[in-house]
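Summary of structural features
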Amino acid sequence: MDYFLTDTQAEIQNLARQIAREKVKPVRAELDEKEEFPWEIMKVLAQADLFGLYIPEEYGGFGGGAFENCLAVEELSRVCIGVSVSFAASGLGAYPILLFGSEGQKKKYLPQIASGQRLAAFGLTEAGAGSDAGGTRTTAVLDGNEYVINGTKQWITNGGEAEIYTVIAMTNPAKGSRGASAFIVEKGTPGFSFGKKEKKMGIRSSATRELVFENCRIPKENLLSKEGMGFLVAMKTLDKSRPGIGSQAVGLAQGAIDECVEYARERRQFDQPIISFQAIQHMLADMCTQTEAARALVYAVAKFIDSDPKDVSKASAMAKLFASDVAMKVTVDAVQVMGGYGYMREYPVEKMMRDAKILQIYEGTNQIQRNVIGTAIIKEAAGKKK
Ligand code: COS
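All of these numbers come straight from a predicted model, not from anything done at the bench. Starting from 1, residues in each chain are numbered consecutively following that chain's sequence as written. Where local features are concerned, this predicted model is filtered to residues with pLDDT of at least 70; where side-chain atom pairs are given and counted, the filter is 80 or more; whole-chain, interface and lining totals use all residues. Excluding hydrogens and water, the side-chain figures rest on all heavy atoms present in the structure.

**Digging into the overall build of the chain**
Each helix is a run of H or I in the DSSP string that is no shorter than four residues. Each strand is a run of E no shorter than two, and both are numbered from the N terminus. For the chain, the count of helices and strands is 11 helices and 10 strands. Every radius of gyration here is taken over C-alpha atoms, with the globule rule written as 2.2 Å times N^0.38, N being the number of residues. Taken over C-alpha atoms, the radius of gyration comes to 21 Å for the chain, in line with the 21 Å a tight globule of 386 residues would show. Based on the C-alpha atoms only, the size of the chain along its principal axes is roughly 80 × 50 × 40 Å. A 1.4 Å probe rolled over the protein chains alone gives each residue an accessible area, and that area as a share of the maximum for its type sets the label: buried under 20%, exposed over 50%, partly exposed in between. Here the chain holds 386 residues, and 54% of them are scored as buried.

Spelled out as structure tokens, the structure:
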């Protein structure tokens, strides 16, 4: 389908596609096998100026929005979401600064993130605070001109590799989620260390680590917005970033279809290519239809976000929910179309199916997305929202 991209958007898409094919595809299996962070590819993406797509020009970015970023994420994901999530997670770490940072914080950190010189990461999740993001236990106590942070964040994408972290911690635990605040913490700050790299089912090249804070002192200027705004910072960040998960899903599903169609044209059984069987055609027809529907929704939501509306929670959750469920189904079907070969590591759909599962889990499980959508429906029905 033609989505009538501008020349610039088509250029971004082509550039990301070229990098995905030339630089990512040849190494994706090895990166997965070795569970190795894709630093060489991050450097290529930085040289191509792709890290700052959604960052305003005044802070060293390209001046685009969520849509341009989604185009790049989709193309990288078509080949490997272990790589694309490492790229996209820097954006997740940057959004709190972009949305809530002071002028000084934006000027200091955004150009470094936009250039890809330093990666960012977002520290929200904890062992006891997953879906219940308000259950944060990490604390930040003001002591003179510094906040002292204590606690452990879990499963942080880009953990250890990123240098700029936006972290949610409680400044007033008695107030629950209204007592949370957001901070910028730089790698190398005394008292800030990392756990071991987690061993995962999929997206194995991406880095997932604990962030450990032991009397970690940061300047009080590193508070984002005001005390008590941390939960809102986290929710608004996720509202912006969730369509990016949708793009990972669309790219991954498309990549699985690409592999599967090529295979079905070549694989012969009963003296004919298996693509000539209606059973295969019907599976491919469903896979393509569902993926195109997901793409259309993700693009529409990204463009909606870029129009700067008041509330995007419902639309954003819908894009993430629908596209990630599609990616799971499509990758399972891709393995089925390819039969025994699909199950073997020599073929990329085995990795794609493993990778797909996380899309239904991270940045809010799909059950949480349904809760967000359900809450919005109730509020709309009660006339509290347009
Ligand atoms: N934008 C603005 N405000 C929001 C908001 C949003 N997207 N989401 C919630 N709020 C507000 C609510 O309106 C409410 O305000 P009031 O106290 O003034 O009424 C407040 O924040 C608390 O909201 P709520 O009661 O809905 O909070 P819950 O603790 O029930 O949690 C969910 C809400 C489940 C949606 C939230 O915890 C969540 O998103 N969890 C998933 C976290 C996640 O995605 N983790 C993945 C790891 S990060 S990569």
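Next comes the rest of the account.
**Some thoughts on helix α5 (residues 81-100)**
Given 3.6 residues to a turn, an α-helix orients residues that are three or four positions apart in the same direction. One less than the number of residues in a helix, times 1.5 Å, gives the span that helix is expected to have. For α5, which comprises 20 residues, the first-to-last C-alpha distance of 28 Å matches the rise-based estimate of 28 Å (1.5 Å per residue) to within 8%. The angle between axes fitted to the seven residues ending at a residue and the seven residues starting there is what we call the bend at that residue. Ala-94 marks where α5 bends most, by close to 35°; the proline Pro-96 follows one to four residues later. α5 sits mainly inside the fold: 19 of its 20 residues count as buried.

**Observations regarding the side chain of Gln-254**
Relative to the helices and strands, Gln-254 resides in helix α7 (residues 230-266). The class of Gln-254 is buried, set by a relative accessible area of 15%. Throughout, a residue-residue contact means that at least one pair of heavy atoms, one from each residue, lies within 4.5 Å. Residues contacting Gln-254, with those up to four places away along its chain left out, are Arg-78, Thr-291 and Arg-295.

**A word on unusual backbone geometry**
The phi torsion at Asp-49 lies on the positive side, around 65°, for a residue other than glycine. In this fold, Asp-49 is placed in the loop between α3 (39-47) and α4 (66-77). On the accessibility criterion, Asp-49 (53% relative accessible area) is exposed. Positive phi values are uncommon outside glycine, yet Asp-308 reaches one of about 60°.

**Details of the domain arrangement of the chain**
Split by domain assignment, the chain resolves into domain 1 (7-114), domain 2 (120-228) and domain 3 (231-378). Boundaries of every domain are those given by an automatic assignment or by a domain database. For domain 2 versus domain 3, the separation of C-alpha centres amounts to 30 Å. Taken together, the 13 residues of domain 2 in the interface contact 13 residues of domain 3. When the buried area of domain 2 at its contact with domain 3 is split by residue, Phe-122, Met-201 and Ile-203 rank highest and sum to 39% of it. For this document, the term salt bridge refers to a Lys or Arg side-chain nitrogen within 4 Å of an Asp or Glu carboxyl oxygen. Run the count over domain 2 and domain 3 and you get zero salt bridges. Between N or O atoms, a polar contact is any pair within 3.5 Å; within protein, one atom must be a potential hydrogen donor and the other a potential acceptor, and residues adjacent in sequence are included only when both atoms are from side chains. At the junction of domain 2 and domain 3, the tally comes to two residue pairs in polar contact (both at pLDDT 80 or more). Each residue receives one of three labels: charged for Asp, Glu, Lys and Arg, nonpolar for Ala, Val, Leu, Ile, Met, Phe, Trp, Tyr, Cys and Pro, and polar for the others, Gly being one of them. Its residues assigned to classes, the side of domain 2 that touches domain 3 shows eight nonpolar, four polar and one charged. Two parts placed together each lose some accessible area; with a 1.4 Å probe, that loss summed over both constitutes the buried area.

**Side note on the nonpolar core**
In terms of nonpolar packing, the biggest core is built from 72 residues, with Ile-97, Ile-113 and Leu-359 touching the most fellow members. For this core, the element with the most residues is α7, which contributes 13 residues. If we ignore the near neighbours within four places in the chain, the residues touching Ile-97 are Gln-105, Lys-106, Tyr-109, Leu-110, Ile-113, Ile-164, Thr-166, Ile-184 and Leu-224. For the purposes of this section, nonpolar cores are sets of buried Ala, Val, Leu, Ile, Met, Phe, Trp, Tyr and Cys residues that join through side-chain atoms within 4.5 Å. By size, the runner-up hydrophobic cluster in this structure holds 41 residues, among which are Ile-12, Val-24, Leu-53 and Leu-76.

**Details of the site of the ligand**
Lining the immediate environment of the ligand, one finds 20 residues, of which Ser-131, Arg-178, Asp-239, Arg-242 and Gly-364 sit closest. Asp-239 is positioned such that a nitrogen or oxygen atom in its side chain is 2.9 Å from a nitrogen atom of the ligand. Only the protein chains shown count as covering a residue, and every accessible area follows the Shrake-Rupley method with a 1.4 Å probe. Taken by itself the ligand offers 1000 Å² of open surface, and the protein chains cover 63% of this. Secondary-structure elements contributing two or more residues to the shell around the ligand are α7 and α11 (366-381). The element contributing the most residues to the shell around the ligand is α7, with seven residues. If even one non-hydrogen atom of a residue comes within 4 Å of a molecule or strand, that residue is called near it.

**Considering the side chain of Ser-77**
Looking at where Ser-77 falls in the secondary structure, it is placed in helix α4. In this structure Ser-77 comes out as buried when scored by relative accessible area, which is 0%. Once you skip the residues sitting within four places of it in the chain, Ser-77 turns out to touch Ser-84, Ser-247, Gln-248, Gly-251 and Leu-252.

**Here's the deal with the pattern of salt bridges**
What the rule picks out here adds up to 27 salt bridges. The partner of Arg-354 in a salt bridge is Asp-32, and the shortest N-O contact between them spans 2.8 Å. Placement of the pair is Arg-354 in helix α10 (residues 348-359) and Asp-32 in helix α2 (residues 28-34), with a sequence separation of 322 residues. With relative accessibility at 16%, the residue Arg-354 sits in the buried group.

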